[in-house]
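Here is what each chain is made of, one letter per residue.
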Amino acid sequence: MTAAFRLYSDRGWLRVFPAPPALDLAGIDRFKVGSAAVLNDCMMRNVYRYRLLIVVDLDEVIFPRLHRSYSAMLDHLNRANKLDLRSGYSFQNAYFFLELRPDRTQPAYLRTAVHRTRSSTLRTYRVAPKSFVDPLQCLSVFNHFCFLPLKVRPGSSHLDVHPSVAVTHHYRRCAFSKTACQEFYNASYEDDIALRFKNDLEPRVKVTLEQLGVPVT
């Protein structure tokens with residue numbers, strides 16, 4: 001991870017800042033409190049740099065289901081809802097558990113193609129969502145969406161995006177109870193939407209791995 005960050009930083013695509021602990025805590029509490037501080041630090045640093053910020057973890061990708069790009073998706077959402085300005089867009093979360101039926105015919109280095117079995121249920125809106133946030137219209141980000149929006153523009157509001165338009169793919173192992181995990185497993189199904197983007201992603205990922213000296217198979 002450090003090598004990848006350094007590569008992107010050297011190209012001017014990434015800025016990395018140290019994140020000292022927000023409070024003198026340990027374990028998961030330190031992470032939870034610290035992550036909120038890091039998210040808000042990032043938002044404040046980029047208030048005047050970007051129109052929208054994508055707030056996700058490194059094991060998550062927001063995949064459009066009707067469009068080939070985020071720009072096309074956002075244009076569609078704004079036209080469909082008859083509003084030009086949004087303080088943010090939230091996307092529901094689907095789990096793609098890594099232990100479920102990996103497709104070994106796909107390149108091992110392209111996780112989005114290998115792991116396509118997903119939970120049939122989505123997390124409720126505003127429960128651990130991932131989002132696009134307008135930093136000019138948000139006072140505070142928490143747990144990946146704008147927790148305290150600013151009403152600075154008439155007609156602006158936050159949009160919960162319907163899962164037919166886009167869904168967050170969360171690639172992880174199931175860490176819930178054994179019973180809950182089994183329920184997720186039993187109700188899972190194959191979702192091939194990520195394969196639409198494979199031809200664009202695969203050569204870029206492969207070249208980057210080669211530049212990092214990572215064996216590609």
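The structure this text deals with has already been given above.
As the structure is a computational prediction, the values presented were derived from the model and not from experiment. (Residues numbered from 1 in each chain as written. Predicted model: local features only at pLDDT ≥ 70, side-chain atom pairs only at ≥ 80, totals over all residues. Heavy atoms only, no water.)

Colleague: So, the pairing of strand β6 (residues 130-133): which residues are in play, and what are the values?
Modeller: Alternating positions in β6 separate into two faces, Lys130 and Phe132 on one and Ser131 and Val133 on the other, with burial throughout. The pairing of strand β1 (residues 53-55) with β6 spans three bridges and is antiparallel. Paired with Val55 across the strands is Ser131, a residue of β6. Relative to β6, strand β3 (residues 86-91) is paired through four bridges, and the arrangement is antiparallel. Within β6, the residue paired with Phe91 across the bridge is Lys130. (Buried < 20%, exposed > 50% of the residue type's maximum accessible area, 1.4 Å probe, protein only. Helix = DSSP H or I, 4+ residues; strand = E, 2+ residues; numbered from the N terminus. Pairing = 2+ DSSP bridges.)

Colleague: I'd like a description of the side chain of Ser188, backed by residues and values.
Modeller: The topology assignment puts Ser188 in the loop between α5 (178-186) and β11 (189-190). At a separation of 3.4 Å, a polar atom in the side chain of Ser188 contacts the side chain of Arg101. Sequence-distant contacts of Ser188, that is, excluding residues within four places in its chain, are made with Leu100, Arg101, Thr117, Arg118, Ser119 and Ser120. (Polar contact = N/O pair within 3.5 Å; in protein donor to acceptor, adjacent residues only side chain to side chain. Contact = heavy atoms within 4.5 Å.)

Colleague: Describe the pairing of strand β8 (residues 145-149), and please don't skip the residues or the numbers.
Modeller: Direction of pairing for strand β7 (residues 138-142) relative to β8: antiparallel, over a ladder of four bridges. Pairing of Phe142 across the sheet is with Phe145, part of β8. The hairpin turn running from β7 into β8, its antiparallel successor, is two residues long, and Asn143 in that turn takes a positive phi close to 50°.

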